[in-house]
Amino acid sequence: MDRLEILSIMKALCLFANEFPYGNWEAYLETEVKYYDEFDKVYIFALQLRKEHAKTIRKMPDNCIVIPIRYAPRWKYFLNSFRVLTDQNLYKELGILRKKHRLNIRKIIDLFVFLSRSDYEMRIIRKSIKHEDIKNAIFYSYRFEYQPYVAILLRKKLRLNNKIIARAHRYDLYEERRTHKYIPCREILLENIDAVYPCSEDGTEYLQKRFPEYKDRVSVRYLGTIAHNREKFERSSRLRLVSCSNVVPVKRLDLIIAALKEITNVRVIWTHFGDGILLNEIKKLAKQLPENIETDFRGNLKNSDLMKVYEKEQFDLFINVSSSEGIPVSIMEAMSFGIPCIATDVGGTKEIVTDGYNGRLLRSDFNNADFVEAINWYLKMDKDTVYNLRKNVYSFWEGKYNAETNYSEFVKELPL
C-alpha cells in the first residue's frame, strides 16, 4: 500500500476549542478527548490563547496534535475587519438583522468582531496545517459561537467538503444571556454546518423553536463525567456543603451567603472551589456569617485534583444557585460521588436534578426561606433515608451522564 492510499483511509478530527488544552478553559473537554481513540490524528486548535494561560498545558493522548492560536492585539483584529468587507455573509447577516428590526450599532460591532476574529484565526490555522492532510477530517467545534464559523471559512478556503458539527452549552447558546442579546450569524451557521448538539433538552428546544427550518440539524448530546461512586458515607455533626463554579455574577454566590445567615440550628461548613472577579467581594460578605457557619474558599483546582478532593472528603450537599445554566457538569461530577444537589430550576438543570428524588430544585427567584426549607428537608432524614437518597443520585447519574457511555456513543456516531 503506497503513502497516498494510507492517507486516504486516515481518520482525523479537527477540534476547535477555546484555549484547550492550555490553562483551565474547557475543563470538561479533558475527559472527552480520552475517547478519541477512534481517530488516527486529532488536531486541537487552541483558539484565543492568552499569553498568561500558555504557560500550562494538560497532557493529551498520543494521537493529539495541539496547535496554539494566540490571541492577537486588538489593533490586528481591527485591521483585519477590513478583510471581512469581502465576506458575503456580512451583508447576509446585516439583512437578517434589518428584517427582524434588530439592527443597531452595537450588533454591527459584535458582527465585525465575530467575522474578523474568525477570518484571522482561520488564516493562522491554514498556515499551521499546510503540510497536513485533513481532507477527510471531521471539523468539530466545542462551542456554538464564532468557532464553527472558523471551521466554515477553513473548509471553504481549502475547497474541502468536510462535515462540520458543534456542541452548544449556555453562553454560546442563549442569546438573551449576552450583553447585547445577540450572537452573530446563528442562521448562517445552521445553514452551513451538519449538526448542532446542545448539552440539554432545554437548549435543543430553544434552538429548534427559534430556527424551525433547521430543526432536523439540532439534537441533544449529553456531556458526562467519570464514575466515582463512594459506597461508604458517614454523617457528621456539621452540615458539609460544597459548590464549584467561577465566582462571577451569574453564579450568585452572594445568595448562598444571604441564605446561610438564616440557618441557626446546625453547624455548617461551606466549601467553594473556583475563582473569579467577585472572589474578594464574596469573601468579605462571608465574614458577616454567624459563628455556626464556617467557609472554606479553595480557589481553582485542576479537574483531576478536584476529583481527588471529592474522593477523600465527604460532603452532604452540592449547591448551585446560578441564574442561567446549560446542564452543569459540576453537578454531574458531584453526583458521580453520590452527592445530592440543591439547585435553581434554570436552563437544563431540571434534567439532572429531580426534586425530592436526587436533590431539591429551587425557583430561579428563590428566597432565603426556600433555601432553608431545602436544607431542613435533608437534615430531617435518618441514616437509611440519606443512604437511599445518595443511591438515587448515583443511579440517576449512571443512567444519563456517564462519560464512558455518552462519549463512546458520541464518537461512534460521528461520520468517520
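Below, the structure is looked at part by part. All values reported here derive from a predicted model rather than from experimental measurement. (Residues numbered from 1 in each chain as written. Predicted model: local features only at pLDDT ≥ 70, side-chain atom pairs only at ≥ 80, totals over all residues. Heavy atoms only, no water.)

**What about the packing of aromatic side chains?**
For any pair of aromatic rings, geometry is given as the distance between the ring centres together with the angle between the planes.
Working step 1: According to the stated counting rule, one finds 20 aromatic pairs in the structure shown.
Working step 2: Both rings, one in tyrosine 35 and one in tyrosine 407, keep their centres 5.9 Å apart while their planes meet at 50 degrees; by these two values the pair is tilted. Remark: tyrosine 407 occurs in helix α15 (residues 403–412) and tyrosine 35 occurs in the loop between α2 (29–32) and β2 (41–49); sequence separation between them is 372 residues. Like tyrosine 35, the residue tyrosine 407 is buried in the burial classification.
Working step 3: A network of ring pairs unites the aromatic residues Tyr140, Tyr142, Tyr197 and Phe410 as a single cluster.
Working step 4: Lying across the ring of tyrosine 146, arginine 117 places its NZ or CZ 5.6 Å from the centre.
Working step 5: A cation sits over an aromatic face here: arginine 167 above phenylalanine 410, 4.2 Å from the ring centre. (Phe/Tyr/Trp six-rings, centres within 6.5 Å; stacked < 30°, edge-to-face > 60°. Helix = DSSP H or I, 4+ residues; strand = E, 2+ residues; numbered from the N terminus. Buried < 20%, exposed > 50% of the residue type's maximum accessible area, 1.4 Å probe, protein only. Lys NZ or Arg CZ within 6 Å of the ring centre and 35° of its normal.)

**Concerning the pairing of strand β4 (residues 138–141)**
Remark: a regular strand shows side chains that alternate across the two faces of the sheet.
Working step 1: Covered by surrounding structure in β4 are Ile138 and Tyr140 together with Phe139 and Ser141, the residues of both alternating faces.
Working step 2: Inspection of the sheet shows strand β1 (residues 12–18) paired to β4 by four bridges, in the parallel sense. Considered in β4, the bridge of leucine 13 is made with isoleucine 138.
Working step 3: Running through helix α6 (residues 147–157), the crossover from β4 to the neighbouring parallel element strand β5 (residues 164–168) is right-handed. (Pairing = 2+ DSSP bridges. Right-handed = clockwise from strand over helix to strand, strands pointing away.)

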